[in-house]
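A closer look at the structure
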Amino acid sequence: MTQTALYQPSAEWQANAHVKGMAAYQSLVDEADRDYEGYWARLAREFISWKTPFTQVLDSSEAPFFKWFADGRLNASYNCLDRHIEAGKGDKTALIFEADDGAVARVSYSELLTRVAQLANALKARGVKKGDRVVIYMSMSVEGVAAMQACARIGATHSVVFGGFSAQSLRDRIQDAGAVMVITADEQQRGGKALPLKAIVDEALEGGSCPTLKDVIVYKRTGGKINWVEGRDLWLHDVTQGQASTCEPEWVEAEHPLFLLYTSGSTGKPKGVQHSTGGYLLHAALTTKWTFDLQDSDVFWCTADIGWVTGHSYITYGPLALGGTEIVFEGVPTYPDAGRFWQMIEKHKVTVFYTAPTAIRSLIKAAEGSEAVHPARYDLSSLRLLGSVGEPINPAAWEWYHKHVGGSRCPIVDTFWQTETGGHMITPLPGATPLVPGSCTLPFPGITTAIVDELGNDVPNGQGGILVVKKPWPSMIRTIWNDPERFKSSYYPAELKGYYLAGDGAIRDADTGYFTITGRIDDVLNVSGHRMGTMEIESALVSCTELVAEAAVVGRPDDTTGEAICAFVVLKRARPHGDEAKAIAKQLRDWVAKEIGPIAKPKDIRFGDNLPKTRSGKIMRRLLRNVAKGESVTQDTSTLENPAILEQLGQAY
Ligand code: PRX
């Protein structure tokens, strides 16, 4: 495999970027190689304001439970707000909020701090203390960002749950985290529609299912009609009313858990990824500066939702830690039409734009179908840098994004990372790295990614293998909440020589050494950049005990969403056909939406009398993946108990 189409950074980029040219990149890599701890300590001092400076850097005594900067104390909210105001930037715009209907609100650093402090005081008044967990179930809003910052300010650990998750998923997360409070909104406004939030919280809390929970704080977004539980529910505007506009930050240890974020793994139950305060904030800030080359005058726009890690690192923490100006967008890319992103870039003179390949692919389709929503119709000349995240970007989409959105002048940073890594791991730096469409290029300086075989031995370039990180890094996952054993077995399996197992396959180019991610090597799917476990969807399906006897879920490639969910189902009754099969498939899709959330609905549902199994009863997922793709199975099926089943599962109804 040889990658040729290299896009070199322009002379202007090489001269003006924070990291100027490949020699500068290489010297950072060398610095980290020579003195790993010294390198991270230097950056931690440069990027973070410490209340108590650290004297320890990396503590590996309880590996793989690594600690960074452990005797240092800091506050994340102080680093994101107060210190910029103290430096005279209080009037600078922190957030430009654009609502679903296009209304715009600008919030300065001083105003944001006042809101955060008042909310922090309100949380304290309700008894929330350092170390308590607070679940945030809100849509994209200034209040959502402020709620996260307010938790950080008082040392409470937030756990944001994406507004698209169901009551059942929300309940599981509240219970697992042992949350004392939920902060939500009456409704969310997306794509011209008001959708419930508070009603879902009510359902999640039904029957006293979450005994640790005391209060539900409700932000009035739409004023829609909601149910009210006296003694439990409180309006955000009431609890913040009259609260002091200053709030002394809680100075926490660097290892204090800033947040939990639930994500899918190989088993049925989502895991609560625990992040630290110091190491996490360092990498969020550092990557925002080097990867996005954030400058004081930039208008930065990350289109992710605060419910995902991208929204944590590149909305709530990274850009604010640097005193940047950023967009917070409530709506969707296709409302009122598929020109919305381009129109907003024009209107707000966005300079750095970071989005997901799925969004790009669906906007390509829309632009090809209608001139009116083509980026050519908009003035995108403010843009200087583009980014991509969440899934592999196919070279064709990359080229289109480069040409039609970036006017062939903006570098694209294809950033590979994960909920667990806290920030970018493999990514170009725009003033340094020559770009190859479809490759996330080279490790971020100080990050020791490598490709190994099953025993942890390095594989030569040009040969694919398992992606690992050889050394611990500051923003790495600290543990899985309530399940340290699962943390060890998922990320530090014994046979991998103490390397962090990312769960992705990758290959390095024979000539350039550039990385290309080849996809997950476990039972995790990536649908529209959203991560989902096949087991999670399977357990949702089989929990429909009235109908479903057995289910197996696999992914198949999809032109727009990257991967699509394909479910093979054996019913407790005869295999249905025609309209009846369609009706049952719809019923099962709705069931999954109720159990997990609409994002987990299978695109295809196939019914069979049975599933392909080995004689010992193991489901042959490999074969199901072929069937899902519509491929004929050419592999050896002699170990199958029931080979005829493959043909049946391949039939449409
Ligand atoms: O498979 C990789 C894919 O997304 C997974 C991580 O998903 P999540 O924890 O939800 O975080 C998404 C946002 C960081 C990875 O294991 N992935 C993420 N970025 C890329 C990617 N695959 C290819 N290229 C990327 N740039």
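Residues numbered from 1 in each chain as written. Predicted model: local features only at pLDDT ≥ 70, side-chain atom pairs only at ≥ 80, totals over all residues. Heavy atoms only, no water.

- An unreviewed UniProt entry annotates the chain as Acetyl-coenzyme A synthetase of Roseateles koreensis.
- Per UniProt, the chain has the following entry under Sequence similarities (unreviewed entry): "Belongs to the ATP-dependent AMP-binding enzyme family."
- Under the heading Cofactor (unreviewed entry), UniProt records this for the chain: "Mg(2+)". (UniProt positions renumbered as here; feature names shortened; annotations may be inferred.)

Things to note about the UniProt feature "domain: Acetyl-coenzyme A synthetase N-terminal" (unreviewed entry) in the chain
- The feature "domain: Acetyl-coenzyme A synthetase N-terminal" (unreviewed entry), as annotated in UniProt, sits at residues 25-80 in this numbering.
- Span residues 25-80 is 48% helix and 11% strand, its end C-alpha atoms 27 Å apart. (Helix = DSSP H or I, 4+ residues; strand = E, 2+ residues; numbered from the N terminus.)

Structural notes on the side chain of R133
- Assignment of secondary structure puts R133 in strand 6 (residues 133-137).
- Despite being buried, R133 has no salt bridge partner; D132 is the closest side chain of opposite charge, sitting 5.1 Å away.
- Polar contacts involving the side chain of R133 include one to the main-chain carbonyl oxygen of G131, which spans 2.9 Å.
- Among the polar contacts listed, one links the side chain of R133 to the backbone oxygen of A177, at a separation of 2.7 Å.
- Not counting residues up to four positions away in its chain, the partners in contact with R133 are T157, A177, G178, A179, V180, M181, L260 and W481. (Buried < 20%, exposed > 50% of the residue type's maximum accessible area, 1.4 Å probe, protein only. Lys, Arg positive; Asp, Glu negative; His and termini not counted. Salt bridge = Lys/Arg side-chain N within 4 Å of Asp/Glu carboxyl O. Polar contact = N/O pair within 3.5 Å; in protein donor to acceptor, adjacent residues only side chain to side chain. Contact = heavy atoms within 4.5 Å.)

Brief notes about the site of the ligand
- In the vicinity of the ligand lie 16 residues, with D414, T419, D504, R520 and R531 positioned nearest.
- Take R520: an N or O atom from its side chain is 2.7 Å from an oxygen atom of the ligand.
- Contact distances for the ligand include 2.7 Å between an oxygen atom and a side-chain N or O atom of R531.
- Its free accessible area being 540 Å², the ligand has 95% of it covered by the protein chains.
- Counting residues per element, the ones that place at least two in the shell around the ligand are strand 20 (412-415) and strand 25 (515-520).
- Here the shell around the ligand is built from residues that sort into 5 nonpolar, 6 polar and 5 charged. (Near = heavy atom within 4 Å. Areas by Shrake-Rupley, 256 points an atom, 1.4 Å probe, with all protein chains shown as cover. Nonpolar A, V, L, I, M, F, W, Y, C, P; charged D, E, K, R; others polar.)

Some remarks on the sheet that holds strand 25
- Spatially, 4 strands are ordered 21-22-24-25 in an open sheet, and the strand pairing comes out antiparallel. With one partner strand each, in any of the chains shown, strand 21 (449-452) and strand 25 form the two edges of the open sheet. Averaged over all neighbouring strand pairs, the angle between strand axes comes to 45 degrees, with direction disregarded.
- Pairing between strand 24 (residues 500-508) and strand 25: 5 bridges, direction antiparallel. Bridged to D504 within strand 25 is R520. (Pairing = 2+ DSSP bridges. Axes fitted to C-alpha atoms, helices over the stretch in contact; angles between N-to-C directions.)

Observations regarding the pattern of salt bridges
- Per the stated rule, a full pass over the model turns up 39 salt bridges.
- Residue R153 pairs with D82 through a salt bridge whose shortest N-O separation is 2.8 Å. Of this pair, R153 sits in helix 6 (residues 142-154) while D82 is found in helix 4 (residues 76-86), placing the two residues 71 residues apart along the sequence. For the pair formed by R153 and D82, the shared burial category is buried.
- Across the pair D202 and K198 runs a salt bridge, and its minimum N-O distance is 2.8 Å. Note that D202 and K198 are positioned in helix 8 (residues 198-204) at a spacing of 4 residues, about one turn of the helix. One exposure class covers both D202 and K198, and it is buried.
- It is possible to trace a salt-bridge network through shared partners that takes in K198, D202, R232 and D233.

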